[in-house]
Amino acid sequence: MRNNNKFAQDSSRMRSFNRSILVSAIAAISYTGMAQAQDSSDEMLALEEVVVQGTRATIQTTIDIKRNSTTIVDGMSANDIGDMPALSIGEALESITGASSHRENGGATEISIRGLGPYLSATTFNGRNATNGSGDRSVNFSQFPSELINKLAIYKTQDASLIEGGVAGLIALETVKPLDFDKRRLQVEAKAGFQPNQQNIEDSMSGDVGFRGSASYVDQFEFDNGSALGISLGYEQSDIAQPESEMRASSPSGTSLFACINDPSVTDRGYYLSSAGDCEDPTTGPSNSGDYNTEINPETGEAYDAGKSYAFAPSSNSYRQNDTSDEREAFFAAIQFQPNDRTDINIDYQTSERIQAEKRHDLNFANQKRTTPGITPENLVVSDTGAIHNWVGETAIESNSELFRRDEDYEGYGINIAYDITDDFTVSADYAFSETKRVENQILLRTQSDDRNVYAEDISQYRPLVQWDTDSGIRQYEITGFDVTDHSLFSDRYRARIDSDVDRTNTIEAFRADFEWRLDGTITAVKGGVRHSELEYLDMGPTVRNEFEVTIGEYEFLSQVNETCAIDFPESDFMGSERDGALFTILDDQGNIVKETNSWATFDTACAVSMLADHTGNSMDFPEMPESLASTTDVTETTDAAYIMADFDSQLFNKTVRGNFGVRVIQTDVESIGYRTPYTIETSDEGILSLVPVEGADLERVEAGGDYTEVLPSINVIMDLSEELMLRGAVYRGLSRPEPADLSYQRGFTVSSEEDITELDELIQNVSGDGNPNLQPLTSWSFDAAIEWYPNQDTMLAFGLYHKKFQGGFETTRTTEEFLIDGQLVPADFDLTETNDDTSNLTGIEITATHNFSYLPGFLSGFGVKASYNYADSDFEFEDSNYGDVTVTDDEGNVVYQADGFLEPANVPGFSDHVFSGQLYYSAGDFDGSLIYKYRSEYFQPYTSNGTRLRFVGDTGVWEARMSYYITDNVRLSLEGINLFDEPKKQYHYSRDYLGELNSYGPRVFMGVKAKFF
């Protein structure tokens, strides 16, 4: 059978081995040397064949993949299954040039290519699209264990044969093909995980030591009739801890973070209210309407509040102590059968079950929007961009706790059949299925300060005086007259919530058929094919809640709960690496220090909620989520694609020129289902119309849809300037599809209260809801050029330049939608997000260098380095929907609303200007070690629940280290460390200096042993 794997294209070309000595140190950290040939041509060094392993071998595969591919590709391939040099696929991908990750729970999850977020990328698993449970198209790479993956690649340019969907690029993951592996192998590996922060937690969920174990088996069987069968089996199980210490503030994704006016001349709202209250609630008018008004005043042409000072006021600030556990069980199987020399049949199956559980304990300062006259405004310290750095006021204090659990199951399988009709003509067919199910549940307990303690004694305060500042970089508090470590002071009514938060299912089913016709001449092959896929995304809506509480005054019962369920603070040295001194300083009424502490009163959540449920006659069962809610998202996306592509190989100026050109055409149709209250239209004898809800009826099922057709041409060209020097170029048009969650059709009505309606278009006062089933993709013309130097199998120097011209941005449009009610079409206005025709540009450079110093004397010959750097600049603008520049037009383009915001726009989602990865490694005999540094600059990370608000993730630089040693030819010991210097993740809300969330994870260390048999 002909090998069609893109990793091995043009593998018959032999690499030239430069026999000169390279006196070169290609910088992984800070130094770049230079190459110099020996002066004497008759003193050639004899080359010995050296078998390499470990990091050096892996880097050699990255060079091979890049050099032998027609498109611009970076990747890595393990020599043996299970040899991927990382604890997760996300962390392995980070070491590939131009890739960077978004971190959750201390590990790499979503991957950005060339600083462009996962929204602009696509991912395939064994050549097929993979699902997730997040409502977007990114892939949570922590879902796939690195022990069971054999090849990774990032396609930065595209050809017509690749599945569309990534403007930035395509990430390809592959498991082993057993016949291609060509040897029997049984392998087992076990790793013990150690996290220093975990040792500070008493009775932690995962114990003091975590575990990861994997086993794999590959074998081949040849039969007398000439057929061959290969099998590959893999199993991985892990139970590891991922504790977090967190500082938090209300996010801007809902209605809990406002820009309040901070102007002494304004006393009817804002921080200078004449009486105590929330700064966004005006003395007259509706609540939550008194924040900074960005709407343009037609009389002045400026925002109504233009020139007024403001400060961002969150609903609450908090600290969270978080004990987590991450259990995963994964299995894969592959069968490769070749009944004859013309037929190749591959069947593969993958499944992963993952349970993430958390015990959360929050100390919450609940009234951070509240202003206390004579105290709060006079002590407020605010930056030029509205970030508060010092606050004083009266606030309720809560000790809250949660039990959180996420179950995520992934299943994928496929069958691929390839048949050589002739020696030069091959056809293939592929069927694929992928499904992810995610369920999230929570049990929550709230306890709060009050004027009395749980024993009805007047020694407490509902709203004690609190002061905080950010002098140390995080918020640290002084609290007057309230000891946050005293359980009995949390005496307000105890409230319990049993939440079913998430129930999502994402499914992709696809079929494709391809052919390849190999030719002699300038055109060396013609390829083509068709693909049909259907994506289904079902989100059964927001939280369904069972809530109950015990009222203030039931002191006898509250004291029983308090005494029975009080627990010691679970963690010592909380936030030790981030704070400067104590987090909480307790003062008496005279300002004297009573106590300094880094903990607070905490409760056993299950214990307290169980007692509350028994006392109030409620159940602790999680409520069921009905399928037909007004907020249900039910999307089906059907795509048909066809492509034709030609490979060529010719001569130009006595240089070999090769590559491919082709075109891919796609047609996508979206059907979105929603649910709403059914109405009838009633007409009085006088001809007056009214909408009347149908009494006792179920919600009415409604449908909407959209479609688009795109033509995606591409050309990739390579010129071999010499045996060592290669010039590449590519031009292609790509697209990134809208997120499935954004294609929902959620619509609800407010019926007009007018009493003399005679026209249908007057029946609906306004429409609320979310989603646009006709949201169009973001497209881009991309231009890439690169020059690459390959002097030997250990050395590569590559420089790339790329430019992307985006077609499309995002805007809010006021459109007239027609709703079928009682058999009649009723028009009403609705504001929805659309993809506009705006253009923007992104230009970047990419540099990769790797080198091994095998020619140096002694132990120095074991050193090697690899470094990659990506820089890009873009003029893309993403405006915040609350405080950015917003223009809403109608269907004819007339402006119906305009706002003059004060926030600078964000860039492309996930975009980092700078991405760097450096690796210094050492291989000598049976020992292998690496020191790795990964950095990405600040980037915009949209929220899943409301992607129209600005949130930035700060600069991140993480150190990692790996060591391994073969004690025998088949037994290897390993030691791996991640986030060695406890780099936190920082998130900024609205402005780049308002620190809204800080997550401290601590380092993670794994010690392992791997044994190979056969």
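Scope of this entry: the structure provided in the associated data block.

Cut-off values and rules
Along each chain, the written sequence defines residue order, and numbers are assigned to residues from 1. Local features are withheld for residues below a pLDDT of 70 in this predicted model, meaning they are given only at 70 or higher, and side-chain atom pairs are given and counted only at 80 or more; totals for whole chains, interfaces and linings count all residues. Computation of side-chain values: all heavy atoms of the structure, hydrogens and water removed. Strands are runs of DSSP state E lasting at least two residues, helices are runs of H or I lasting at least four, and both sets are numbered from the N terminus onward. Per-residue accessibility, obtained with a 1.4 Å probe over protein chains only, is compared with the maximum for each type, and a residue is labelled buried under 20%, exposed over 50%, and partly exposed between these values. Note on definitions: a residue-residue contact is assigned when non-hydrogen atoms from the two residues lie within 4.5 Å. In this analysis, the protein atoms alone were mapped onto a 1 Å grid. Cavities are point sets where a 1.4 Å probe fits without being able to get out; pockets are open sets with protein on both sides within 12 Å along at least five of seven lines; lining residues have an atom within 4 Å of a point. Grid points are joined across faces, edges and corners, and a volume is the space filled by probe spheres set on the points. Three residue categories are used. Nonpolar comprises Ala, Val, Leu, Ile, Met, Phe, Trp, Tyr, Cys and Pro, charged comprises Asp, Glu, Lys and Arg, and polar comprises the others, including Gly. A pair of strands counts as paired when DSSP detects no fewer than two bridges linking them. As a rule, the C-alpha atoms of each element are fitted with a line to give its axis, helices using only the stretch in contact, and angles between N-to-C directions run from 0 to 180 degrees. Each angle gets one of four labels, with under 35 degrees taken as roughly parallel, over 145 as roughly antiparallel, 65 to 115 as roughly perpendicular, and the rest as oblique. For a crossing to be left-handed, the near helix must be turned anticlockwise from the far one by less than a right angle; the clockwise case is right-handed. Put simply, a nonpolar core is a bunch of buried Ala, Val, Leu, Ile, Met, Phe, Trp, Tyr and Cys residues held in one set by side-chain atoms that sit within 4.5 Å of each other. Any two cysteine sulfur atoms within 2.5 Å of one another count as a disulfide.

1. Focus on the overall build of the protein
- The secondary structure content of the protein amounts to six helices and 57 strands.
- The principal-axis extent of the C-alpha atoms belonging to the protein is close to 95 × 75 × 60 Å.
- Within the protein, the proportion of its 1014 residues that are buried is 57%.
- At a minimum sequence separation of 6, the contacts of the protein that also span at least 24 residues come to 75%.

2. Let's talk about empty space enclosed by the protein
- Applying the stated criterion across every chain, the model contains 16 cavities of 30 Å³ or more.
- If you go around the largest cavity, you meet 24 residues; those closest to its centre are Asn-129, Arg-137, Ile-508, Leu-535 and Arg-737.
- Within the residue set of the lining of the largest cavity, elements represented by two or more residues are β4 (121-125), β26 (494-518), β27 (523-539) and β33 (633-652).
- With four residues, the top contributor of residues to the lining of the largest cavity is β27.
- Its residues placed into classes, the lining of the largest cavity shows seven nonpolar, 10 polar and seven charged.

3. Considerations on the sheet that holds strand β1 (residues 73-77)
- Spatial strand order, β1-β6-β7-β4-β5: five strands in an open sheet with mixed pairing. Where the open sheet ends on each side, the last strands, each with one partner, are β1 and β5 (128-129).
- Across five bridges, the pairing between β4 and strand β7 (residues 169-174) is parallel. Residue pairing across strands places Thr-123 opposite Ile-171, the latter belonging to β7.
- Relative to the sheet, helix α1 (residues 54-68) contacts β1 and β6 (151-155), its axis offset from that of β1 by approximately 145°.

4. A few points about the pairing of strand β34 (residues 655-676)
- Pairing geometry for β33 and β34, over 19 bridges, is antiparallel. Counted as the bridge partner of Ile-644 is Val-663 from β34.
- Between β33 and β34, which follow one another and run antiparallel, lie two residues, and Phe-653 among them has a positive phi close to 55°.
- Where β34 meets strand β37 (residues 700-720), 21 bridges bridge the pair, whose relative direction is antiparallel.

5. What to know about the packing of helix α5 (residues 555-565) against helix α6 (residues 605-616)
- Following both chains from N to C, one finds α5 and α6 inclined at 150°, their axes separated by 9 Å at the closest point. When the interaxial angle is binned, α5 and α6 end up roughly antiparallel. In the packing of α5 onto α6, the handedness of the crossing is right-handed. Residues Phe-557, Gln-560, Val-561, Thr-564 and Cys-565 of α5 pack against Cys-607, Ala-608, Met-611, Leu-612 and His-615 of α6.
- Of the residues belonging to the contact of α5 with α6, the class tally is seven nonpolar, three polar and no charged.

6. Details of the nonpolar core
- Tyr-319, Ile-479 and Phe-584 are the most contacted members of the largest nonpolar core, which has 83 residues in total.
- Ranked by residues supplied to this core, first place goes to strand β12 (residues 257-261) with five residues.
- When neighbours within four sequence positions are excluded, Ile-479 is seen to be in contact with Phe-365, Ile-397, Leu-465, Val-466, Val-484, Phe-584, Thr-585, Ile-586 and Leu-587.
- Residues Ala-496, Val-561, Leu-612 and Ala-613 belong to the second largest nonpolar core, which totals 18 residues.

7. Some remarks on the state of the cysteines
- Under the defined criterion, the tally for this structure stands at two disulfides.
- One disulfide in the model links Cys-260 with Cys-279; its S-S distance is 2.1 Å. Across the disulfide from Cys-260 to Cys-279, rotation about the S-S bond amounts to roughly 70°, and the bridge is consequently right-handed. With Cys-260 in strand β12 and Cys-279 in the loop between β13 (277-278) and β14 (296-297), the pair connects residues that are 19 residues apart, well separated along the chain.
- Among the residues examined, Cys-260 registers a relative accessible area of 0% and is labelled buried.
- The disulfide partner of Cys-565 is Cys-607, and the gap between their sulfur atoms is 2.0 Å. Its torsion about the S-S bond being -70°, the disulfide of Cys-565 and Cys-607 is classed as left-handed. Placement of Cys-565 in helix α5 and of Cys-607 in helix α6 is noted, with a sequence separation of 42 residues between them.
- Classification of Cys-565 as buried rests on a relative accessible area of 1%.
- Numbered by position along the chain, the disulfide-linked cysteines of the protein connect as 1-2, 3-4.

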